[in-house]
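Coordinates in review
Residues per chain, in single letters:
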Amino acid sequence: EQATRTVPIVFPVLGDPVAAGFVQSLARPGGNITGFMNFEYSMGAKWLELLKEIAPAVTRVAVLRDTAEGSGTSQFAAIQAVAPSIRLEVTPVNMRDANEVESAVDAFGGSPNGGLIVTASAASTLHRDLLIKLANNHKLPAVYFQRTFVTAGGLISYGANYIDQYRRAAGYVDRILRGEKPGDLPVQMPTTYELVINLKAAKTLG
C-alpha cells in the first residue's frame with residue numbers, strides 16, 4: 001500500500017480518474033498518479049448522432065453499459081440527455097454477464113428500427129465478440145467506442161486514438177524521470193480522435 005502511494009503511476013487510457021478516486025482533480029491530480037483520459041461523457045452525444053447519421057431509419061437505441069462503473073451510468077446519462085432532440089428512444093442494457101446481455105439484445109432486436117451503442121468499459125471489452133455477433137445477427141447498426149470492435153467485425157467506432165494516448169503517456173514518464181511530480185502534471189483529454197468504419201459490415205447491413 002505504501003508503494004502504491006509513492007511510486008509514480010501514469011495511466012495512458014482511463015475513463016474518469018476523479019470519480020474512480022485516483023486523482024483529486026484533473027488540473028491538480030495531487031498524489032502519485034496522473035495520465036490521460038480516453039473520452040469525455042459528452043462523447044455519448046456524438047455516438048448517438050453518428051448512429052442516426054449512418055442509419056436514419058433507427059428510432060430505438062439500446063445502450064449497453066456497465067453499471068458497476070460510475071462512468072457507465074454517466075455515459076448513459078449523456079446519451080439520454082441528447083436523445084429527444086434527435087427523436088430517438090434509448091433503452092439501457094446492463095452488462096453484468098453474458099447471458100443477461102444476450103437475452104436483452106435478443107429481445108430488443110426482435111422489433112424493427114433498432115440500433116446499438118456500446119459504451120466504454122471493461123465489460124464491453126470482455127464481451128466484445130458476443131456484442132458484435134449479436135449486433136450482426138439482428139442486423140442492428142452499432143456504434144462502438146474503440147476501433148478494435150470494428151477490426152473484429154463491428155460496424156463503426158469513434159474514439160480516442162490509443163497509439164497517440166500511449167505516446168503522450170511516454171512523454172509524461174520522461175518528465176517524471178527528469179524530476180517532475182505526477183501530482184503536478186494535469187490529467188489530459190485526448191487530442192486525436194478517429195472514426196473507423198467496417199465497409200464489409202456496412203454492406204451486409206445495407
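Owing to the predicted nature of the structure, the values given are computational and were not obtained by experimental measurement.

**Some points on helix α2 (residues 43-54)**
A rise of 1.5 Å per residue sets the reference length of α2, with its 12 residues, at 16 Å; its end C-alpha atoms lie 17 Å apart and thus fit the reference within 8%. Buried within α2 we find Met43, Gly44, Ala45, Trp47, Leu48, Leu50 and Leu51.

**Re the confidence of the model for the chain**
Summing up the model confidence of the chain, the mean pLDDT is 91 and the portion of residues at 70 or higher is 98%. Taken element by element, the chain is modelled with least confidence in helix α1 (residues 2-6), mean pLDDT 71, and with most confidence in strand β6 (residues 142-144), mean pLDDT 97.

**So, the pattern of salt bridges**
Here the structure, examined in full by the defined rule, presents seven salt bridges. Note that Glu100 and Arg96 form a salt bridge whose closest N and O atoms lie 2.8 Å from each other. Residue classification places Glu100 among the partly exposed residues on the basis of a relative accessible area of 22%. Residues Glu180 and Arg175 are paired through a salt bridge, measuring 3.0 Å at the closest nitrogen-oxygen approach. What makes Arg175 partly exposed here is its relative accessible area of 35%.

**Here's the deal with the packing of aromatic side chains**
Scanning all chains against the criterion turns up six aromatic pairs. Aromatic side chains Phe39 and Trp47 sit 6.5 Å apart centroid to centroid with 55 degrees between the ring planes, which places their arrangement in the tilted category. Summarising the burial analysis for this pair, Phe39 and Trp47 share the class buried. An aromatic cluster is defined as three or more aromatic residues linked by ring pairs; in this entry it consists of Phe39, Tyr41 and Trp47. Cation over ring: Arg60 sits above Phe108, and NZ or CZ is 4.0 Å from the ring centre.

**Overview of the packing of helix α4 (residues 98-109) against helix α6 (residues 128-137)**
One can describe the packing of α4 onto α6 by two numbers: an axis separation of 10 Å at closest approach and a directional angle of 15 degrees. When the interaxial angle is binned, α4 and α6 end up roughly parallel. Seen along the crossing, α4 lies across α6 with a hand that is right-handed. Residues Ala98, Val101, Glu102, Val105 and Asp106 of α4 form the contact with α6, whose own contacting residues are Leu130, Leu131, Lys133 and Leu134. Each residue belonging to the contact of α4 with α6 can be placed in one class, and the counts come to six nonpolar, no polar and three charged.

Criteria and thresholds
Within each chain, residue numbers correspond to sequence positions counted from 1 in written order. The predicted nature of this model means local features are confined to residues of pLDDT at least 70 and side-chain atom pairs, given and counted, to a pLDDT of 80 or more, with totals for whole chains, interfaces and linings taken over all residues. To obtain the side-chain values, all non-hydrogen atoms of the structure were included, while hydrogens and water were left out. The way it works is that DSSP assigns letters per residue, a run of H or I at least four long becomes a helix, a run of E at least two long becomes a strand, and they are numbered from the N terminus. Expected helix span is given by 1.5 Å per residue-to-residue step, counting one fewer step than there are residues. With a 1.4 Å probe rolled over the protein chains alone, any residue whose accessible area is under 20% of its type maximum counts as buried; one over 50% counts as exposed, and the rest are partly exposed. Each residue carries a pLDDT score, the predictor's own confidence in it, on a scale running from 0 to 100. The term salt bridge refers to a side-chain nitrogen of Lys or Arg lying within 4 Å of a carboxyl oxygen of Asp or Glu. Pairs were defined over the aromatic rings of Phe, Tyr and Trp, the Trp ring being its six-membered one, requiring ring centres within 6.5 Å. Orientation was assigned from the angle between planes: stacked under 30 degrees, edge-to-face over 60, tilted for the rest. Here, a charge over a ring is recorded when the distance from Lys NZ or Arg CZ to the ring centre is within 6 Å and its angle to the ring normal is within 35 degrees. Note on method: axes are straight lines fitted to C-alpha atoms, helices fitted across the in-contact stretch only, with angles between N-to-C directions ranging 0 to 180 degrees. Angles are sorted into four bins: roughly parallel if under 35 degrees, roughly antiparallel if over 145, roughly perpendicular if 65 to 115, and oblique for all others. We call a crossing left-handed when the near helix sits turned anticlockwise from the far one by less than a right angle, and right-handed when that turn is clockwise. Here, residues are in contact when the closest pair of their heavy atoms is within 4.5 Å. Residue type decides the class: Asp, Glu, Lys and Arg count as charged, Ala, Val, Leu, Ile, Met, Phe, Trp, Tyr, Cys and Pro as nonpolar, and the leftover types, Gly among them, as polar.

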